[in-house]
Amino acid sequence: MDLAKMFVHMFVSNGFIGALIIVGLVTMLAYKIAGLTKGRIHGSAIAIFFGLVLAYIGGITTGGHKGFASLPMFAGMGFMGGGMMRDFAIVSTAFGADLREIKKCGVPGVLSIFIGIFTSFVIGAGLAYLWGYNDVVSMATIGAGVVTFVVGPVTGAALGASSDVIAISIAAGVVKSVLVMIMTPLVAKMIGLDNPQSAMMFGGLMGTTSGTAAGMAAVDPKLVPYAAMTATFYTGTGCLLCPSLFYLVLNMMVG
Amino acid sequence: MAIYGVALLSACMFAGVFLGDVLGGLLGVKANVGGVGFAMLFLILLTNRGIDKGWLDSKSQSGIAFWSAMYIPIVVAMSSIQDVVAALAGGPLAILSGVLGVVVAFVFIPVLTKMGSKTPAEGQSEK
């Protein structure tokens, strides 16, 4: 009777339940540490940071691409943190949101999405050029990666970019997502991220659904629905503009 | 029963995601455009109506509230499955472009918020 093997097998065949335990423990530890900082650092920020550390550990020990879920025993984290659960939980946070606050945002909210996509694309394409990737397809793909790590590969696939360029675009997008997760609670006060309108700008400008979801959660969970609302339109709009209009304009300028 | 609220939440998500898929298809994009955003709007509208009209009782609401409470834990799980190794291994180009993209976007937030909070009266008096 190999107890260790039975223990591991239990995690493997009841992945989601195992994930609930792990997340419960990680979150409890994070909030305890947050308490020690006397509220200066939000518990959720520390918990998300611990999540990223677990992701690094999982990736580095297995060479896999699913972070902590790359370890077969913890594959359940992949379900709990996957797209379906993420989207479901984000939608549920709208319960209790005030439609009047959303209406107040108006034109600047829509503008934030376009400004966010445009600035990301320009920065990515520009830096790609400086790094020696001076063909339009690579520039557009890396630019799209800075938009989000979903828009990058979608654009790269549409334009026929090489796989190393697509990998860079994903990496840039993940860096952005991780940075948004970490930096948002640190700069929130400085940029006035304390009301629904600024939260909507935040979602529209940063765009990364995972980054804004986590970042906003660490600042004020009540503002999450406002940030998520604009962030979800951002990815779709990015996938629309980057392989088409932005690529064509870039081609005219550089190609 | 709690499941009534959860089923409503789920139906709103499906309605929104479906609309987003249709919109993406119409625009010729291989992506979902704003699906979760539409879903949230549906949920807000329906829960407000449900509470006002009385068909969304507190037990049903508790089902939705539970999943709201699970939001941060799910985000923690999501953080743990990111390809952090790839992010760091993407090298200086990936890191620099990611960093710069974030910083520039952050700078715009107070700018746009100020723009958004200007009342029509203020805007006209500046013309």
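Each chain has its residues counted from 1, running along the sequence as written. Just so you know, chain letters begin at A and ligand numbers begin at 1, following the order they were written in. Totals for whole chains, interfaces and linings use all residues, but because this is a predicted model, local features are given only for residues with pLDDT of at least 70 and pairs of side-chain atoms are given and counted only at 80 or more.

### Points about the packing of helix 5 (residues 83-92) of chain A against helix 1 (residues 2-27) of chain B
Definition in use: Fitting a line to C-alpha atoms yields each axis, with helices limited to the stretch in contact; the angle taken between N-to-C directions then spans 0 to 180 degrees. Numbered from the N terminus, helices here are DSSP runs of H or I no shorter than four residues, and strands are runs of E no shorter than two. Note on terminology: angles under 35 degrees are roughly parallel, angles over 145 are roughly antiparallel, angles of 65 to 115 are roughly perpendicular, and the others are oblique. Take the far helix as the reference: if the near one is turned anticlockwise from it by less than a right angle, the crossing is left-handed, and if turned clockwise, right-handed. Contacts here follow a simple rule: the backbone-placed C-beta atoms of the two residues must lie within 7 Å. Three residue categories are used. Nonpolar comprises Ala, Val, Leu, Ile, Met, Phe, Trp, Tyr, Cys and Pro, charged comprises Asp, Glu, Lys and Arg, and polar comprises the others, including Gly.
Between helix 5 of chain A and helix 1 of chain B, the least distance of the axes is 10 Å, while the angle of their chain directions is 110°. Here helix 5 of chain A is positioned roughly perpendicular relative to helix 1 of chain B, judged by the angle of their axes. Note on packing geometry: the crossing formed by helix 5 of chain A with helix 1 of chain B is right-handed. Each of A:D87, A:F88, A:V91 and A:S92 in helix 5 of chain A lies in contact with helix 1 of chain B, whose residues at this interface are B:L9, B:C12 and B:M13. Classifying every residue of the contact of helix 5 of chain A with helix 1 of chain B by side-chain character gives five nonpolar, one polar and one charged.

### Description of the domain arrangement of chain A
Residue and element names in this part refer to chain A. Condition: The split of the chain into domains comes from an automatic or database domain assignment.
The domains assigned to chain A are domain 1 (3-81) and domain 2 (101-254). Opposite the six residues of domain 1 that make contact, domain 2 presents seven residues. Considered class by class, the residues forming the side of domain 1 that touches domain 2 number four nonpolar, two polar and no charged.

### Details of helix 5 of chain A
The condition that has to hold: Counting other C-beta atoms within 10 Å of a residue's C-beta gives its exposure: the residue is buried at 20 or more, exposed at 12 or fewer, and partly exposed in between, where C-beta atoms are placed from the backbone.
In terms of residue burial, helix 5 of chain A counts as a mostly covered element, since seven of its ten residues are buried. Turning to helix 5 of chain A, its buried residues are A:M85, A:R86, A:D87, A:A89, A:I90, A:V91 and A:S92.

### Examining the interface of chain A and chain B
Contact with chain A, which involves 91 residues of that partner, is made by 65 residues of chain B. Sorting elements by how many residues they give to the side of chain A that touches chain B places helix 10 (residues 163-187) of chain A first, with 14 residues. Looking at the side of chain A that touches chain B residue by residue, the classes come out as 62 nonpolar, 25 polar and four charged.

### Things to note about the domain arrangement of chain B
Once the domains are mapped, chain B shows domain 1 (1-81) and domain 2 (82-118). Look at where the C-alpha atoms of domain 1 of chain B and domain 2 of chain B centre, and you get two points 28 Å apart.

### Comments concerning the environment of A:E101
Residue and element names in this part refer to chain A. Turning to its location among the elements, E101 is positioned in helix 6 (residues 99-103). Between the C-alpha atoms of E101 and M200, which are 99 residues apart in sequence, the distance is 9.9 Å. Apart from residues no more than four positions distant in its own chain, E101 is found in contact with P196 and Y226.

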